[in-house]
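# Remarks on the overall topology
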Amino acid sequence: MLQEILLSLSGHPSPLLRSAAAAASPSSSSEPDIYSTTLTPPERALLAPLARLADAHIRLRTSTSHLAASHPSVVCRAVAAAIDALHLSAFRAKVLDVERALLRGDAGLVGAYRAVPLTEVVAEFEGWGRRLGFLERVVGVLEEDGGGNTTAKGRWWWGWWRWRRGRG
């Protein structure tokens, strides 16, 4: 299960985390599958934040690569490329660090008898939800208008960024 979690966080879709996110949402009305019958409700609840992170990472990676390749504004293409090169690569590096710690048997993650508490894995990614959520909002602003006056769009984006930074 840990391998599938780490693969999903790296950007590969996982039915395990997809079903955990669906089971954790109150509007879920899907029929039971193998994962909902195998995982306990506490396990599904613990996997839900990781599922949201994995989904956000996949959406961001897809959107930023599309924007960096095809947006008419040079500024917006640069912002999208920077999001991928700086922030998403830092997230992927964090996934690799967690995997490295698990393989080394780091006492911070691996308990007695090489058992890995799921809570420790979830705690390693604490804070990334807010960061990826903000990046999703930035990408959403970039995606709002892919055409039109590209100079005005670049200027508008810088104004939005200055306003956003001033708000904290």
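Anyway, here's the lowdown on the structure attached to this text. (Residues numbered from 1 in each chain as written. Predicted model: local features only at pLDDT ≥ 70, side-chain atom pairs only at ≥ 80, totals over all residues. Heavy atoms only, no water.)

## Comments concerning the pattern of salt bridges
Cut-off, in case you're wondering: Salt bridge criterion: a side-chain nitrogen from Lys or Arg within 4 Å of a carboxyl oxygen from Asp or Glu. Helix and strand definitions here come from DSSP, where helices need a minimum of 4 consecutive H or I residues and strands a minimum of 2 consecutive E residues; each element is numbered from the N-terminal end.
Under the criterion given, the structure shown has 5 salt bridges. Ionic pairing is found between Asp-84 and Arg-92, a salt bridge with its closest N-O pair at 3.3 Å. A salt bridge links Glu-124 to Lys-94; its shortest N-O distance comes to 3.0 Å. Placement of the pair is Glu-124 in helix H6 (residues 118–124) and Lys-94 in helix H5 (residues 74–104), with a sequence separation of 30 residues.

## So, the environment of Ser-63
The cut-off we apply is this: Any two residues whose heavy atoms approach within 4.5 Å at even a single point are treated as in contact. Whenever two N or O atoms come within 3.5 Å, that pair is a polar contact, provided that in protein one can donate a hydrogen and the other can accept it, and provided that, for residues adjacent in sequence, both atoms are side-chain atoms.
Residue position: Ser-63 is located in helix H4 (residues 41–70). For Ser-63 and Glu-136, which are 73 residues apart along the polypeptide, the C-alpha to C-alpha distance reads 9.1 Å. With residues up to four places along the chain from it excluded, the contact list for Ser-63 reads Val-139 and Glu-143. Within the local environment of Ser-63, its side chain forms a polar contact with the side chain of Glu-143, the two groups lying 3.1 Å apart.

## Focus on the side chain of His-71
You can see His-71 is positioned in the loop between H4 and H5. A polar contact of 3.0 Å, which involves the side chain of His-71, links it to the backbone nitrogen of Ser-73.

## A look at the side chain of His-57
Short version of the rule: For the exposure calls, accessible area comes from a 1.4 Å probe over protein chains only, and a residue counts as buried if that area is under 20% of its type's maximum, exposed if over 50%, partly exposed in between.
In this structure, His-57 sits in helix H4. Here His-57 falls in the buried class, since its relative accessible area comes to 0%. When near neighbours in sequence (up to four residues on either side) are disregarded, His-57 contacts Leu-9, Ser-10, Gly-11, Leu-88, Phe-91, Arg-92 and Leu-132.

## Re the packing of H4 against H5
Quick note on the threshold: As a rule, the C-alpha atoms of each element are fitted with a line to give its axis, helices using only the stretch in contact, and angles between N-to-C directions run from 0 to 180 degrees. Between 65 and 115 degrees an angle is taken as roughly perpendicular, under 35 as roughly parallel, over 145 as roughly antiparallel, and anywhere else as oblique. A crossing counts as left-handed when the near helix is turned anticlockwise from the far one by less than a right angle, and as right-handed when that turn is clockwise. As a working rule, the residues Ala, Val, Leu, Ile, Met, Phe, Trp, Tyr, Cys and Pro are called nonpolar, Asp, Glu, Lys and Arg charged, and the rest polar, with Gly in that last group.
Where H4 contacts H5, the two axes come as close as 8 Å, and the packing angle between them is 150 degrees. As far as their axial angle goes, H5 and H4 are roughly antiparallel. Every pair of crossing elements has a handedness; the one defined by H4 and H5 is left-handed. Contacts from Leu-53, His-57, Leu-60, Arg-61, Thr-64, Leu-67 and Ala-68 of H4 reach H5 at Arg-77, Ala-80, Ala-81, Ile-83, Asp-84, Leu-88, Phe-91 and Arg-92. Taken together, the residues of the contact of H4 with H5 break down into 9 nonpolar, 2 polar and 4 charged.

## Side note on the packing of aromatic side chains
Inclusion rule: What counts as a ring pair is set by centres within 6.5 Å for rings of Phe, Tyr and Trp (its six-membered ring), and what kind of pair is set by the plane angle: stacked under 30 degrees, edge-to-face over 60, tilted for all other angles.
Counting across every chain of the model gives 2 aromatic pairs. When the centroid spacing of 6.0 Å and the interplanar angle of 55 degrees are considered together, the rings of Phe-91 and Phe-125 count as tilted. Note that Phe-91 is positioned in helix H5 and Phe-125 in the loop between H6 and helix H7 (128–144), a separation of 34 residues in sequence. With a relative accessible area of 0%, Phe-91 lands in the buried category. With centroids separated by 5.2 Å and ring planes inclined at 70 degrees, the aromatic side chains of Phe-91 and Trp-128 adopt a geometry described as edge-to-face. Taken as a pair, Phe-91 in helix H5 and Trp-128 in helix H7 lie far apart in primary sequence, 37 residues in all. Across the pair, exposure class does not vary: Phe-91 and Trp-128 are buried alike. Members of the aromatic cluster, joined through ring pairs, are Phe-91, Phe-125 and Trp-128.

## Some words on the nonpolar core
Note the cut-off: What we call a nonpolar core is a set of buried Ala, Val, Leu, Ile, Met, Phe, Trp, Tyr and Cys residues that are connected through their side-chain atoms within 4.5 Å.
Leu-9, Leu-50, Phe-125 and Leu-132 are the most contacted members of the largest nonpolar core, which has 39 residues in total. Elements that contribute at least two residues to this core include exactly helix H1 (2–9), helix H2 (15–24), H4, H5, H6, H7 and helix H8 (150–167). It is H5 that provides the largest number of residues to this core, a total of 10 residues. Once you skip the residues sitting within four places of it in the chain, Leu-132 turns out to touch Leu-53, Ala-56, His-57, Leu-60, Leu-88 and Phe-91.

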